[in-house]
Amino acid sequence: MQKNSTLRKLPQLFGLGLLALAVSLALGSSPAFAASFPCSPCAGVVVDDPTQVLSSLEAEPRLDEEARFFVAWPVSLDGEEGSVDSARAAFGPLRQAGAQPWVQAIFRTPQPVGEHLDRLEAELQQLAALVKGEVQGEAQPLYVQAVWRPEGIAAEEVTARDLAFLIKRAAVAVTGAAPEASFVAGPLNTDEAFLNELYGQEVAAYLDVVAIEPGEGVAAAALTLAQLDPGKPVAVDALSWPAPAEAALARAAEAKVAGASVALFELPAVEADSSSSDLGPLKVLAREFQGDLSYSEYGSPSGAAGGWAFVRGEDLALRVIVEKPAGSESVDLLFGDDQLRRPSRVDLATGEEEALFGQRRTADGLLLTIDDPAPVAVLRLERATAEELEGVAERLEVEDERQMPVEEILRRLQAFEDAQARRLDHYQATNTLHLRFQVSQGSLEASYAGEFFFRRDEGFDWVWDEFYIDGVRWKSKQLPELPLIQPEKAASMPVDIKLSKDYSYRLRGTATVDGRDCWVVDFRPLTVEPGRSLFQGTVWVDREIYSRVRTRAVQVGLEGDVLSNEETVYFSPVDAAGEPAPWSRESFVLPLRTVGQQTLSLLSATVPVERETVLTNLALNGESFEQNLESARASDSTMVRDTDAGLRYLRKDEDGDRVVEEEQETGRLFVLGGVLWDESLDFPLPLAGVNYLDLDFRDSGNQVNVFFAGAFLAANYSDPSLFGSRWNGGLNVNGFFIQTGDELYRDGREVPEEEVESTNAAVSFFLGRPLTNFLTLDLTYSLGQRSYSRADDTADGFVLPQDTLTHTAQAELTYARSGYRLYFNGSFNQRSDWEFWGLPGNAEFDPEQEDYVRWRVELGKTWWFSKFRNFSLSLEHLNGSDLDRFSSYDFGLFGDSSVGGYQSGLVRAEEASGVHFEYGINAFELLRVEVDGDAVWASNEATGLEDELLAGIGLGGTVTLPWNTVMNFEVGTALEGPGEGDVAARIVFLKLFPSNGKKRWWN
């Protein structure tokens, strides 16, 4: 007998095991953001006015706290006065009556959406206001359904691309305003191709419930959705109200079996003030079919027109909906499970339970006869518990721990930012921008500061009240307006909701950043198209409130004079007064600090520029914002604006109004003057000349720079995007027409009888290209002319080197990032002629040295501190082959490597290694003081140098003077080596002519 009993249990155990496994899989894969319905089947009604069903809801049978009965109604988002307020007013009474509000927000934005974004934003504003501040709880959820009925087209003409965009924007608006509200979209067309196209736009993470149209396609659509979006609940919107009303239970059961968790029924207008008997069956359904129920095909009875059994997870009891055959006076229901017991029927009018008799057990199961049945009946049956059936309890264990999908993280982040944007209309702050240029063995910092005015959806206006050069305040009221070199605007920003899909996202894991527990999400462009710049990087998202904590991104697809652009943005929470605040949804989380680096192609050179932007003194939604902004615009201060084309100057027109300078003035004129001197010059060299710079010469995008100061000529013409490619090319002409002395140091003493003077000029052709975001390759061909002459002390028998042309092919690799700079330079040089030079019998001359190779490697790092302090350290090594006196390395003011105080041409080295440092401080914003130190160990077999220490120290500074003038000075003295005690100095005055925003001089 025991054996037969066990055999009889096998079908039940197998069926229950499959049921338990299905429940486990469904719960385990259910998205954390998706709505879960504690009922099966679930149902509700769609009405025109929710207040019209309140009396029916409040009548018996009453809904208890755990029941789920949905009341859906349309709410127009057209801005009609009172529509949103009246909808919000219905939430409370419906919940008090036991129902769950289901708002159907009607969008009327025309298609295509991209051409009507203002209309969409107005409707989203109404939607956010509708649900704003709704605090959801276990007993009072809110469902918000976006229903798109675009003006002028039929429903079947709606495109999946536009619908997906609207769904994303609406979901973010809802979640931002009420984080725990459930978002629903639809009713969707059940066509499989349409659903596939819609989900191809990555809408899954934005949907908590999917509503579909009723009809024959429900089952197929639910199956398609189960494949596209596993575990996502489906609602049917909306079934026709059946007659009799009890039939709604059977239709709800059918919808559940077809794959829809919720069946909404459209209550006709004439029934809107229906009696309790009309809604009573659905209220009984909500009471009886609550909890963790699942449909059981094995448990469903035969013998009726329709029979649907739902098993309850906690005790495996059944709730059954039975639809009697037409005209039948009794129904014989056969249940295949002989463990069922205590059948009863629930009165659909009162909700009361009535015991049933007339059941008997047969070889096929439990046979239950119901006399005089209603059109639809609800039955209860008990059974043995899971613990009583071997092996089932273990199968009912559910694993609900999982890692959140990246799409859900992005939705929550977008929701937080959408909600914040709706609270933050504008803010004012002080914006300080630091531009830090790192060059070989030195640095320069320029800073702008002033009031910053930001308005939502309009970008910002920024006043330049202060300008600093290395921390020294600019004294003139007229600030220098340098050409605005900036990367092109990205086609779209990561994480933003766009009509087109530009980025892919990957959840890397979690990390603690700035003391916050964060999700780490990487993003990258799907494709990089010519002329279309995007970003690649990482966003750290707070796991508690889903705000940004930090972002780091590199811009890809750049063209023009900005070769690379990387920035890291640090976010901080502030309160309404702009003061530091806790990390919470009530705080404003803003990007208060941004650091980054741009690599520029500037005048045939690769120039890394570090940028830091800091916002302070914030005033959020301040009452005086408009007044302060108008005062700034009326002032004579320099202003810039963030536009779609990038940063642009705001000029005053003839009426005194600020207008955007559409055509940027890229040309600037400078006057330079000063004095240069070291021991290689016969006298201090006066310097007086002009410099013209234009970074967009004749609107060609090409760069021109000409500096002429009598003894000096430096001219450059460069194209930062050669033939539209990533290569940049140019032409350089340089000349130094004052003779400088080359006084030889050999075997521990100076040799004046071998001193030579020379002048130099060269023309060079340049090609450069970024290899990566931070690594650049530069190729140069130069043709140089060097002429030699005698000095006062040159011996009569000394044979001068032959004036010669030198062909040079040079390659440079530069890596610059985060203040670090790694530089390699190698060149092959060929003189046109090279004959004997020097005193008779000179053993140094070697005709093989007509061709020679030079190479150099340098590693440097600059640290920037507050109050304009900085410290730079660099290491270098210089080497080569076949180097002679006139091709080896020099260490003076005009040499290959600088040593404080050393004169040019005194010490020549075939090989050298050095270390250089610079420390700069600012004194009261009036004077910049820099201390430089150099130590180089030089070797030259021909002159007897072997790791000879050359050491020097320098003191320099910067001060601004009236009339838009800057003075820079440096004096150095040699501390160790052949030049000990020597002094070198320079003083340079730079006069900037202000820009007036008018046409260029050649027009």
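Further up the page is the structure itself.
Quick look at the structure, then.

## Let's talk about the overall build of the chain
Here is step 1 of the chain: On a plain count of helices and strands, the chain comes out with twelve helices and 48 strands.
Here is step 2 of the chain: For 1003 residues, the compact-globule formula gives about 30 Å, and the C-alpha radius of gyration of the chain, at 40 Å, lies well above that figure.
Here is step 3 of the chain: Taken along the three principal axes of its C-alpha coordinates, the chain extends 140 × 75 × 45 Å.
Here is step 4 of the chain: Out of the 1003 residues in the chain, the part that is buried amounts to 53%.

## Quick notes on the state of the cysteines
Here is step 1 of the chain: All chains considered together, the criterion is met by one disulfide.
Here is step 2 of the chain: Through a disulfide, Cys39 is tied to Cys42; the S-S separation comes to 1.9 Å. Judged by the torsion about the S-S bond (115°), the Cys39/Cys42 disulfide is right-handed.

## A closer look at the packing of helix H5 (residues 160-177) against helix H11 (residues 406-423)
Here is step 1 of the chain: Where H5 contacts H11, the two axes come as close as 7 Å, and the packing angle between them is 70°. Taken together, the axes of H5 and H11 are roughly perpendicular relative to one another. Residue-level contacts link Ala171, Val172, Ala173, Thr175, Gly176 and Ala177 of H5 to Arg411, Gln414, Ala415, Asp418, Ala419 and Arg422 of H11.
Here is step 2 of the chain: Class assignment for the residues of the contact of H5 with H11 results in six nonpolar, three polar and three charged.

## Regarding the pattern of salt bridges
Two side chains bearing opposite charge may form a pair once their charged atoms approach each other closely.
Here is step 1 of the chain: Counted by the stated rule, this structure contains 50 salt bridges.
Here is step 2 of the chain: Here Asp502 makes a salt bridge to Arg532, at a shortest N to O gap of 3.0 Å. You can see Asp502 sitting in the loop between strand S22 (472-473) and strand S23 (503-513) and its partner Arg532 sitting in the loop between strand S24 (516-525) and strand S25 (534-542), a full 30 residues away along the chain.
Here is step 3 of the chain: On the accessibility criterion, Asp502 (10% relative accessible area) is buried.
Here is step 4 of the chain: Residue Arg532 is classed as partly exposed on the basis of its relative accessible area of 23%.
Here is step 5 of the chain: When the shortest N-O distance is used, the salt bridge between Glu566 and Arg817 registers 2.4 Å. Taken together, the residues span a long stretch of sequence, with Glu566 in strand S27 (residues 562-574) and Arg817 in strand S40 (residues 804-817) at a distance of 251 residues.
Here is step 6 of the chain: The class for Arg817 is partly exposed, based on a relative accessible area of 27%.
Here is step 7 of the chain: Counted as one network, the salt bridges with shared partners bring together Asp742, Arg746, Glu754, Glu844, Arg885 and Arg908.

## Some details on the environment of Phe70
Here is step 1 of the chain: Mapping Phe70 onto the fold places it in strand S2 (residues 69-76).
Here is step 2 of the chain: Here Phe70 is in contact with Phe37, Cys42, Ala43, Gly44, Val45, Gln100, Trp102, Tyr143, Val262 and Leu264, once residues within four sequence places are set aside.

## Some thoughts on the sheet that holds strand S16 (residues 365-371)
Here is step 1 of the chain: Within the open sheet, the three strands sit side by side as S12-S16-S15. Their pairing is antiparallel. Looking along the sheet, the strands with just one partner apiece sit at the ends: strand S12 (330-335) and strand S15 (359-362). Sheet twist, expressed as the mean angle between neighbouring strand axes with direction ignored, is 20°.
Here is step 2 of the chain: Pairing of S12 with S16, which is carried by six bridges, proceeds in the antiparallel orientation. What sits directly across from Ser330, in S16, is Asp371.

## Things to note about the nonpolar core
Here is step 1 of the chain: Within the largest apolar cluster, 97 residues are counted, with the highest numbers of intra-cluster contacts made by Leu57, Phe69, Val71, Trp73, Phe107, Leu127 and Leu282.
Here is step 2 of the chain: Per-element accounting of this core gives the leading share, twelve residues, to H5.
Here is step 3 of the chain: Not counting the four nearest positions on each side in its chain, Leu57 is found in contact with Arg62, Leu63, Phe69, Val71, Leu94, Ala97, Ala99, Leu279 and Lys283.
Here is step 4 of the chain: If you look at the next biggest cluster of nonpolar residues, it comprises 31 residues, including Leu433, Phe452, Leu590 and Leu592.

## A closer look at the environment of Leu558
Here is step 1 of the chain: Here Leu558 lies in the loop between strand S26 (548-556) and S27.
Here is step 2 of the chain: Sequence spacing of Leu558 and Leu534 is 24 residues, and the spatial spacing of their C-alpha atoms is 8.3 Å.

## Structural notes on the sheet that holds strand S17 (residues 376-382)
Here is step 1 of the chain: One open sheet accounts for six strands, arranged S9-S10-S11-S17-S13-S14; its pairing is antiparallel. The sheet is open, and its two edges are formed by strand S9 (293-295) and strand S14 (353-355), each paired on a single side. In this sheet, neighbouring strand axes are inclined to one another by 30° on average, regardless of whether the strands run parallel or antiparallel.
Here is step 2 of the chain: Relative to S17, strand S11 (residues 318-323) runs antiparallel, the two being bridged by six bridges. Bridging across to S17, Glu323 finds its partner in Val376.
Here is step 3 of the chain: Packed onto the sheet, helix H8 (residues 247-258) meets S9, strand S10 (306-312), S11 and S17 and runs at close to 65° relative to S10.

## What about the packing of aromatic side chains?
Here is step 1 of the chain: A full pass over the atoms with the stated rule returns 32 aromatic pairs.
Here is step 2 of the chain: Ring geometry for Phe453 against Phe625: centres 5.8 Å apart, planes inclined by 70°, an arrangement best described as edge-to-face. Residue Phe453 is found in strand S19 (residues 442-455), and its partner Phe625 is found in helix H12 (residues 625-634); the two are separated by 172 residues along the sequence.
Here is step 3 of the chain: Phe625 gets classed as buried once you look at its relative accessible area, which sits at 2%.

What counts and how
- Residues numbered from 1 in each chain as written.
- Predicted model: local features only at pLDDT ≥ 70, side-chain atom pairs only at ≥ 80, totals over all residues.
- Heavy atoms only, no water.
- Helix = DSSP H or I, 4+ residues; strand = E, 2+ residues; numbered from the N terminus.
- Rg over C-alpha atoms; globule rule 2.2 N^0.38 Å.
- Buried < 20%, exposed > 50% of the residue type's maximum accessible area, 1.4 Å probe, protein only.
- Disulfide = S-S within 2.5 Å.
- Axes fitted to C-alpha atoms, helices over the stretch in contact; angles between N-to-C directions.
- Parallel < 35°, antiparallel > 145°, perpendicular 65-115°, else oblique.
- Contact = heavy atoms within 4.5 Å.
- Nonpolar A, V, L, I, M, F, W, Y, C, P; charged D, E, K, R; others polar.
- Salt bridge = Lys/Arg side-chain N within 4 Å of Asp/Glu carboxyl O.
- Pairing = 2+ DSSP bridges.
- Core = buried A, V, L, I, M, F, W, Y, C linked by side-chain atoms within 4.5 Å.
- Phe/Tyr/Trp six-rings, centres within 6.5 Å; stacked < 30°, edge-to-face > 60°.

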